[in-house]
Every structure is written in C-alpha cells, then in structure tokens.
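Residue strings, one per chain:
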Amino acid sequence: MKLRIGVAVAGVVVPLVLVNTPSAAQLETARLEVEQPDATPYYWQVPGAGERRLKLAGFDVEHGAGGAVQVVGDQSVADRLAGLGYRPVRHDTVYKEVLPRVQDVGVQTFYGGYRTAAEHSRRLTDVAAAYPALTQVYDIGDSWRKTQGQGGHDIRAVCITRKQAGDCALSPNSAKPRFALIAQLHARELATGELAWRWIDHLTRGYGSDAEVTSIMDTTELWVVPVANPDGVDIVASGGNQPLMQRKNANNPTGCSGATGGVDLNRNSTFKWGGAGTSRCGETYQGPSAGSEPETKALEAWFRQLFPDQRGPGDTDPAPVTTRGVMITVHSYGNLIMPPWGWTWNANPNAAGLRALGQKMAAFNGYTVRAEGDTTGTTDDFTYGNLGIASYTFELGSSSGNCGGFFPQYSCVDSLFWPRNKGALLTAARAAKAPYAS
Ligand SMILES: [Zn+2]
C-alpha cells in the first residue's frame, strides 16, 4: 500500500511517498513534522551580506561577531536567506538555559529573574519611599497602550541626588549638572533594564558610605528611566521562559502578525527623522511621522526639561566646551559604545570630545568606541543634535554564549554587565559637568 502524507517544511508542502505501510512511530514522526516546523530562533551569521540590504528585505538584523552581519530568526528565516543566495551559518541559540534561583516572595519576574514592567514600576515606588532625601520620581508620559485605554503604563523617571532646594526640578536650568540614562527602549534587550537598576541601587545604597558615590550625588543629578518601552516589555514577558522577541512598542499596524507590530522607538526621534525603516512590519519601522509615538514624545519632552539647547542649529556647529550634560541609552548587543551621528557617516562637530570620553568609559567595559552612520531617528542623535549634550548608545554584551544576545542568563547581569559597566557609568556621571573638556 502506498500512502502519501504532506509534510510542511518551511511553509512548503512536500509530498512524501512511503512505499511500505508506515509504522505507528513513522506516522507519529510525520505528524510532528507537519505540526511543528522548527520555530526555534537562532542568531545566524550571514557572510558577505550588506546590513542595509538585509534590513530593506525585512530581516531582523543585528551586530554580528567579527563584523559579520547577523540575522535573528528560525529555520524559515534561514531558508529565505538561502533563497536569496546567502549562506547563513547558525551562530547560537537565542534562548539560554533558565537556571533556578531563590527569589523574593511576590516579586514578578520571568526567564530566570528579569523583572516585568509592573515590577520595575513597583520597585521604583519602593525606592522613592525608602530614600526620600535622595530621590524624586516623575511620570513623564504614557505608553502607547495607555493612550489607547488598553492598559499600558506610565513611563517613569527617577532623579537621584542629595536633594537641595531646587534640585530635581523639571527645568533645564539646574544648579547641578545632569547625567541621564535610559534603558529598555528596545523591549527584548533584557539586561539593559536590570543594568539601570544596578545603577540606581549602587547610588541610593552607596550614599554616605561610598566616598565616590557620595561625592557624585552631592554635585550631580543622576536621572534614570529604567524601562522606556514598558508595553514592549509586557509582550516580551508574556513568553515566560521563552520571552517573545518584541523590539518595538505595542502600536500594532494592521496586517502585521505576531511580534512584528509596533514602531521602533530608536528610529522615531524627531532629529533628522526619516529613511531608517519604511516597512510597517519591519523591526526598524520608523513610524508614520517624526516623533509619532507617545513614548518618543515623552522622552523628548523630558530631555528638553532636563537640558538647555547648547548647540547651534547647523550640522557642523559644535557644542561649546562649557556644555553640561551626558546621556546614555542602553541597548544590546555588540560590546559597543556608539556616539552620534547615526544619520550620517560624516563625523559630528564634537567627534574628538565624544571619542575621548567614550574611550574613558571603554577603559572599564572594554567595548569598542565607534560611530555608525546608518540609522536615523535615534535617541542619541536627538539629544546631541538638538541639545548638544554628550550622548552615547551602549550595546551590552556579545553575540553568543550564555551572556550573549538579547536574552542572556539572568546571572550575567551581576557576573558581567554590572561589574563591567559600573566604572563606565561613574565616569559618565563625573563628566556631566564638562563632557567635552576632558
Ligand atoms: Zn536596541
């Protein structure tokens, strides 16, 4: 007897001809193949591929190992790459083994310890209550879902300093210089929000006992937004021990399925917006207009409240040596410190000063300092371009191993990311009074 069974391989039904009567085990194998194509996500190295071309073709492109372009996706994505003539090489798994750990009762976490968006917010409330003389928390705007009446979150910022009269006000003319750090603008970059918390904890717990922290907090305002894209973090966390790969916000354009909806908040900023990602379902979709998203609006309004405009309007106008203020937006992955510009490969007019401070920070985390002019609408182009403050994108971690990629094991936050970056963040804080004078 001949039996024909259709087996789905990467979306194509291939007729399978079995000469003899199949055993129950063979039928079971065929059934599993039909129902379960390999949807395990991997990082694929794509030798010889151009980053821009792959992005235009709709692939999820990241910084690869050794300069090679890397694409994130399952076997069907690799098949698509192969169909275009590329030879994708499987580099590493996206999901790492989730290790059991002892955890405080009632704390909402996922994937071995990472906090949910609600947990981040609750923690911020707790820290403000515990350290009233050192902190001030602000609601700086709503996430997209909140603006739609679909749940969502407030976006919250904390100012940390030894508060004197007039400190931590939402006014750009502050007595103390300011260092602003934001994290998890890209929701799936899990370690970034946790790094923000190690920073908050180091400051609040260290005041009065750690001489360096005390000195910095007596003279500087340290502002932190631990989760800039809380809706996205809700989507990521909904996957539990297999977090969803949501990068963008939750503003779902119709016609996009799965985790591909949303706007890339690091392509949506108003400075030189446009041209980054025009495909609505692409991972780098820039949005329908400059600053269209509520998260972008909230962050940009907040930055303008923290820092006066200290740079001229021309592309080649340098910010003066008297400029105050540093901003770091924390992403993953790539082991990079990236100053502006993103919108052009031309050097920005403060390139030397930005590079000098970048190298001082790199002395601690070992990252490569490098500008890449292939993206528009980034946060750091906005804060440097509009306000003149020294601005950087950090890309935490490597592309492989248990501490690599978007979903490193939770223990890597304390074993790797925080110890490597602590000195870098302290350096940024000390530089806030004159970042271009170093
Ligand atoms: Zn990112």
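Rules used throughout
Residues numbered from 1 in each chain as written. Predicted model: local features only at pLDDT ≥ 70, side-chain atom pairs only at ≥ 80, totals over all residues. Heavy atoms only, no water. UniProt positions renumbered as here; feature names shortened; annotations may be inferred. Pairing = 2+ DSSP bridges. Helix = DSSP H or I, 4+ residues; strand = E, 2+ residues; numbered from the N terminus. Axes fitted to C-alpha atoms, helices over the stretch in contact; angles between N-to-C directions. Donors = N, O, S within 2.8 Å, 3.2 Å for Na, K, Ca; no water. Tetrahedral: all angles 85-135°; square planar, octahedral: opposite > 155°, others 65-115°. Buried < 20%, exposed > 50% of the residue type's maximum accessible area, 1.4 Å probe, protein only. Disulfide = S-S within 2.5 Å. Parallel < 35°, antiparallel > 145°, perpendicular 65-115°, else oblique. Left-handed = near helix turned anticlockwise from the far one by under 90°. Contact = heavy atoms within 4.5 Å. Nonpolar A, V, L, I, M, F, W, Y, C, P; charged D, E, K, R; others polar. Expected span 1.5 Å × (residues − 1). Bend = angle between axes of the 7 residues up to and from the residue.

Under an unreviewed UniProt entry, the chain has the name Murein tripeptide amidase MpaA and belongs to Kibdelosporangium persicum. In UniProt, the chain has this text filed under Cofactor (unreviewed entry): "Zn(2+)".

Asks: Mind showing me how you'd approach the sheet that holds strand E5 (residues 69-73) here?
Replies: Within a sheet, adjacent strands bond to each other through the backbone by hydrogen bonds, running parallel or antiparallel. With antiparallel pairing, four strands are arranged side by side in an open sheet as E4-E5-E3-E6. Of all strands in the sheet, those bounded by a partner on one side alone are strand E4 (61-63) and strand E6 (89-93). Going from strand to strand, the sheet's axes swing by 40° on average, the running direction of each strand aside. Bridging between E4 and E5 involves three bridges; their strand directions are antiparallel. Looking across to E5, one finds that Val61 is bridged to Val71.

Asks: Just to check I follow, could you spell out the coordination of the zinc ion for this structure?
Replies: For a metal with four donors in a tetrahedral arrangement, the ideal angle between donors is 109.5 degrees, while six donors in an octahedron ideally sit at 90 or 180 degrees. Around the zinc ion, the protein supplies His186 (ND1), Glu189 (OE), Glu189 (OE) and His331 (ND1) as donor atoms, at distances of 2.0 to 2.3 Å. One can describe the site at the zinc ion as irregular: its four donor atoms subtend angles covering 58 to 148° at the metal. Mapped onto the sequence, the donors of the zinc ion take the spacing H-x2-E-x141-H. With a gap of 145 residues between them, His186 in the loop between strand E11 (178-183) and helix H6 (190-206) and His331 in strand E13 (residues 326-332) connect regions that are remote in the sequence. This pair shows no difference in class: His186 is buried, exactly as His331 is.

Asks: Where do I start with the state of the cysteines in this structure?
Replies: One way to say it: the disulfide is the covalent bond shared by the sulfur atoms of two cysteines. Enumeration according to the criterion identifies two disulfides in this entry. There is a disulfide in this structure between Cys159 and Cys168, and the S-S distance comes to 2.0 Å. Between Cys159 and Cys168, the S-S torsion sits near -70°, and that sign places the bridge as left-handed. For the pair Cys159 and Cys168, one class covers both residues: buried.

Asks: Just to check I follow, could you spell out the packing of helix H10 (residues 351-365) against helix H12 (residues 412-431) for this structure?
Replies: Angle between the axes and distance between the axes: these two values describe a pair of packed helices. The interhelical angle for the contact between H10 and H12, taken along N-to-C directions, is 155°, at an axis separation of 7 Å. Taken together, the axes of H10 and H12 are roughly antiparallel relative to one another. The handedness of the crossing between H10 and H12 comes out as right-handed. Here Leu357, Lys360, Met361, Phe364 and Asn365 of H10 come into contact with H12, specifically with Arg420, Asn421, Gly423, Ala424, Thr427, Ala428 and Ala431. A per-class count over the contact of H10 with H12 returns six nonpolar, four polar and two charged.

Asks: Is there a simple way to think about the pairing of strand E16 (residues 390-396) in this case?
Replies: On any regular strand, side chains alternate: one points to one face of the sheet, the next to the other face. For E16, the buried fraction is high: seven of the seven residues fall into the buried class. Here E16 shows a buried face lined by Ala390, Tyr392, Phe394 and Leu396 and a second buried face lined by Ser391, Thr393 and Glu395. Pairing of E13 with E16 involves seven bridges; the strand directions are parallel. Considered in E16, the bridge of Ser332 is made with Leu396. One ladder, built from three bridges, connects strand E14 (residues 336-338) with E16; its direction is antiparallel. Bridge pairing links Ile337 to Phe394 in E16.

Asks: Would you take a moment to explain H12 for this structure?
Replies: The α-helix winds at 3.6 residues per turn, so residues separated by three or four positions along the chain end up facing the same way. With 20 residues, H12 ought to run about 28 Å at 1.5 Å a step, and its terminal C-alpha atoms sit 27 Å apart, in line with that. By the largest-angle criterion, Trp418 marks the main kink of H12, which is about 45°, and a proline, Pro419, follows within four residues.

Asks: Would you take a moment to explain the sheet that holds E11 for this structure?
Replies: Taken together, eight strands build an open sheet; the order of strands is E9-E10-E12-E11-E13-E16-E14-E15 and the sheet is mixed. Here the strands that pair on one side only, and so sit at the sheet edges, are strand E9 (135-142) and strand E15 (368-369). Relative to strand E12 (residues 221-225), strand E10 (residues 154-160) runs antiparallel, the two sharing three bridges. Across the sheet, residue Ile160 finds its bridge partner in E12, namely Leu222.

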